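Fold and contact review
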Amino acid sequence: MTPLDYDFLRKLLKERSGLMLSADKQYLVESRLTPLARKAGITSLGDLVARLKARNEQLTVDVVEAMTTNETFFYRDKIPFEHFRDAVMPNLMAARAKERRIRIWCAAASTGQEPYSLAMSLKDMKERLRGWRIEILGTDISTEVLEKAKAGIYSQFEVQRGLPIQMLVKYFAQVGDTWQIAPEIRATVQYRPLNLLQNFANLGRFDVVFCRNVLIYFDQETKTGVLNRLAKLVETDGYLVLGAAETVVGLTDAFKPVPDKRGLYAPNAKPAAAGATVTPLRTLAVAAAR
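The structure contained in this document is the topic of the report that follows. (Residues numbered from 1 in each chain as written. Predicted model: local features only at pLDDT ≥ 70, side-chain atom pairs only at ≥ 80, totals over all residues. Heavy atoms only, no water.)

1. A few points about the overall build of the chain
When helices and strands are tallied, the chain shows 11 helices and 11 strands. Taken against the 2.2 N^0.38 rule, which gives 19 Å for 290 residues, the C-alpha radius of gyration of the chain at 20 Å falls within 12% of a compact globule. Dimensions of the chain, computed from the C-alpha atoms along their principal axes, are close to 60 × 50 × 35 Å. A buried classification covers 48% of the 290 residues belonging to the chain. Restricting the contact set of the chain to residue pairs at least 6 apart, pairs at least 24 apart contribute 76%. Taken as a whole, the chain presents about 14000 Å² of accessible surface, with 53% of it coming from carbon and sulfur. For the chain, the distance from the average site of its 41 positive side-chain charges to the average site of its 32 negative ones is 5 Å. (Helix = DSSP H or I, 4+ residues; strand = E, 2+ residues; numbered from the N terminus. Rg over C-alpha atoms; globule rule 2.2 N^0.38 Å. Buried < 20%, exposed > 50% of the residue type's maximum accessible area, 1.4 Å probe, protein only. Contact = heavy atoms within 4.5 Å. Areas by Shrake-Rupley, 256 points an atom, 1.4 Å probe, with all protein chains shown as cover. Lys, Arg positive; Asp, Glu negative; His and termini not counted. Charge placed at Lys NZ, Arg CZ, Asp CG, Glu CD.)

2. Re helix H5 (residues 79–95)
Owing to its 3.6 residues per turn, the α-helix brings residues three or four apart onto one side. Here H5 spans 23 Å end to end across 17 residues, near enough to the 24 Å set by a 1.5 Å rise per residue. Where H5 bends most, at Arg-85, the angle is about 35 degrees. Here H5 has its buried residues at Pro-80, Phe-81, His-83, Phe-84, Ala-87, Val-88, Met-89, Leu-92 and Met-93. The inward-facing, buried residues of H5 contact strand E1 (101–106), helix H6 (113–123), strand E7 (206–210), strand E8 (234–241) and strand E10 (264–267). (Expected span 1.5 Å × (residues − 1). Bend = angle between axes of the 7 residues up to and from the residue.)

3. With respect to the pairing of E7
Most of E7 sits inside the fold, with 5 of its 5 residues counted as buried. Two strands pair when backbone bridges link them, and E1 and E7 are joined in this way by 3 bridges, in the parallel orientation. From the neighbouring strand, Ile-104 faces E7, where its bridge partner is Val-208. Examined bridge by bridge, E7 and E8 share 4 bridges and lie parallel to one another. For Phe-206, the partnering residue across the bridge sits in E8 and is Val-234. Note that the unit made of E7, helix H11 (residues 220–231) and E8 has a crossover that is right-handed. (Pairing = 2+ DSSP bridges. Right-handed = clockwise from strand over helix to strand, strands pointing away.)

4. Observations regarding the packing of helix H2 (residues 26–39) against helix H4 (residues 57–67)
In the contact formed by H2 and H4, the axes pass within 9 Å of each other and the chain directions differ by 130 degrees. Considered as vectors, H2 and H4 are oriented oblique to each other. The chirality of how H2 crosses H4 is right-handed. Here H2 contributes Leu-28, Val-29, Arg-32, Leu-33 and Leu-36 to the contact with H4, which in turn contributes Asp-62, Val-63, Ala-66 and Met-67. (Axes fitted to C-alpha atoms, helices over the stretch in contact; angles between N-to-C directions. Parallel < 35°, antiparallel > 145°, perpendicular 65-115°, else oblique. Left-handed = near helix turned anticlockwise from the far one by under 90°.)

5. Points about the pairing of E1
Counting buried residues along E1, 5 of its 6 residues qualify, which places the element largely inside the surrounding structure. In this structure, E1 lies alongside strand E2 (residues 133–140), joined through 6 bridges in parallel fashion. Residue pairing for E2: Arg-103 is matched across the bridge by Glu-135. In this fold, the crossover linking E1 to E2 by way of H6 has right-handed handedness.

6. Quick word on the pattern of salt bridges
Tallying each qualifying case throughout the model produces 16 salt bridges. Two residues, Asp-7 and Arg-10, come together in a salt bridge whose shortest N-O distance is 3.8 Å. One end of the pair is Asp-7 and the other is Arg-10, both in helix H1 (residues 3–17) and 3 residues apart, which spans about a single turn. Classification of Arg-10 by relative accessible area gives partly exposed; the value is 27%. Asp-219 is the salt-bridge partner of Lys-14, the closest N and O atoms lying 3.3 Å from each other. With Lys-14 in helix H1 and Asp-219 in the loop between E7 and H11, the pair connects residues that are 205 residues apart, well separated along the chain. Exposure remark for Lys-14: the relative accessible area of 27% places this residue in the partly exposed category. Beyond isolated ion pairs, a larger network of salt bridges with shared partners links Asp-77, Glu-114 and Arg-212. (Salt bridge = Lys/Arg side-chain N within 4 Å of Asp/Glu carboxyl O.)

Structure (structure tokens):
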């Protein structure tokens with residue numbers, strides 16, 4: 001790959017996904033795109049770039065998906081899920097006692113481990129949540145990983161990463177050499193493709209947004225833009241959850257850290273965004289949970 005080809009790919013990936021690649025990451029691009037080019041019958045990365053320049057949209061989508069990092073595992077980093085169980089849900093249940101409805105968005109759902117971790121945690125709270133409507137939306141830029149998330153099938157290695165054994169026994173069935181999460185858990189999460197660089201206002205408003213380990217790949221301007229648009233969707237008494245290496249400090253005043261809760265943020269008090277609409281999602285039927 002020539003330096004000019006690499007520069008073109010860097011600009012394309014920044015424009016389409018927000019991914020920032022430094023000058024020394026050419027090896028990474030070559031390692032991820034060479035198999036893609038081979039699969040597409042393209043003889044070289046130079047030819048691949050030429051097709052991208054000719055505005056081959058499907059190939060562009062495939063390149064973005066190949067370069068997207070989809071690292072995830074069940075109950076990743078543990079602390080955000082402890083905050084969710086011990087602080088976020090009790091506070092929201094007190095605040096929503098009348099309407100008894102909570103909406104949750106996992107903005108980088110990848111192959112589904114994060115939203116399914118939340119769904120399992122909620123199932124374990126079923127007695128306290130009886131009669132409540134809980135909606136979980138998972139989105140990702142990659143349609144390929146979303147298809148795996150919908151299927152809910154994971155390898156032995158994947159279920160061993162962070163998943164407590166009691167959760168495996170309770171909510172998974174072994175299928176050959178793999179494990180599939182129970183239908184009642186899969187049914188609680190709706191998945192949709194979504195690019196965080198594009199408009200997502202039509203998703204409606206949320207009580208909790210998990211947007212973890214995504215902002216680290218963006219430049220400061222992109223981070224600020226995403227956070228400010230997220231702020232328009234989070235309820236004024238809701239929560240934003242970021243990754244351990246991410247922060248709002250120095251990027252936006254739309255959110256403030258929750259004291260003594262690392263990675264948890266609350267909106268600075270602002271009136272609800274006018275005209276926000278709610279797109280219906282599947283509802284977690286807690287009342288009917290077994």
